[in-house]
Amino acid sequence: MRVKAALTDAEMKIMLRLWDHHPQTMMELTRALESETHWSKYTVITLLKRMETKGTITVDESGPVKTYAPAMEKADFAREQTHSLVRDLYGGNATLLVSGLVENGALSSKELDEVMEMLRKAKF
């Protein structure tokens, strides 16, 4: 499923909770995020409505309360966002992304080894 619009930082907080555990009710999400965000249930309701409109979550109204779940797997979302980043910010050149990660020290030695192994396997 394609994301219709980018997620805001606030929406991402909800998505991360839903990817970790779903389905959840609005009150479960509000309680889970309360200490970090201090959001009221009305803020969470507004965000959930926006996310439903964007197609990033699904809503189940069959029970006594609405429950919410991600409309896509986290790995699919990450893959799509990475593709968009490479296309939009780096002009389609993934080498520039990797170069930036390496030059900025964003990759540990172990991660560099893993990337090298992936590249070796991809060549064959």
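Details of the structure are given in the entry above.
So, here is what we can say about the structure in this document. (Residues numbered from 1 in each chain as written. Predicted model: local features only at pLDDT ≥ 70, side-chain atom pairs only at ≥ 80, totals over all residues. Heavy atoms only, no water.)

### Describing unusual backbone geometry
1) Next: For the bond running from H22 to P23, omega is 0°, close enough to zero to count as cis.
2) Next: Along the polypeptide, P23 turns up in the loop between α1 (9–20) and α2 (26–37).
3) Next: For H38, which is not a glycine, the phi torsion comes out positive at approximately 60°.
4) Next: Among the structural elements, H38 can be located in the loop between α2 and α3 (41–54). (Helix = DSSP H or I, 4+ residues; strand = E, 2+ residues; numbered from the N terminus.)

### Focus on the pairing of strand β1 (residues 57–60)
1) Next: With four bridges connecting them, β1 and strand β2 (residues 67–70) associate as antiparallel partners. Looking at the pairing, T58 lines up with A69 of β2.
2) Next: Connecting β1 to the next strand, β2, in antiparallel fashion are six residues. (Pairing = 2+ DSSP bridges.)

### Details of the packing of aromatic side chains
How two aromatic rings sit relative to each other is set out by the distance from centre to centre and by the angle between their planes.
1) Next: For the structure on display, the rule yields one aromatic pair.
2) Next: Here W19 and F77 contribute two aromatic rings whose centre-to-centre distance is 5.4 Å and whose plane-to-plane angle is 50°, an arrangement assigned as tilted. Residue W19 is found in helix α1, and its partner F77 is found in helix α4 (residues 74–89); the two are separated by 58 residues along the sequence. (Phe/Tyr/Trp six-rings, centres within 6.5 Å; stacked < 30°, edge-to-face > 60°.)

### Here we look at α1
1) Next: When the terminal C-alpha atoms of α1 are compared, their 17 Å separation across 12 residues agrees well with the 16 Å that a helix rising 1.5 Å per residue should span.
2) Next: When we look at burial in α1, the residues that qualify are E11, I14, M15, L18 and W19. Along the long axis of α1, the arc covered by the buried residues comes to 135°, so they all point the same way. In this structure, α1 carries D9 and D20 as exposed residues pointing more than 90 degrees from its buried face.
3) Next: Elements in contact with the buried residues of α1: α2, α3, β1, β2 and α4. (Expected span 1.5 Å × (residues − 1). Buried < 20%, exposed > 50% of the residue type's maximum accessible area, 1.4 Å probe, protein only. Arc of directions from axis to C-beta. Contact = heavy atoms within 4.5 Å.)

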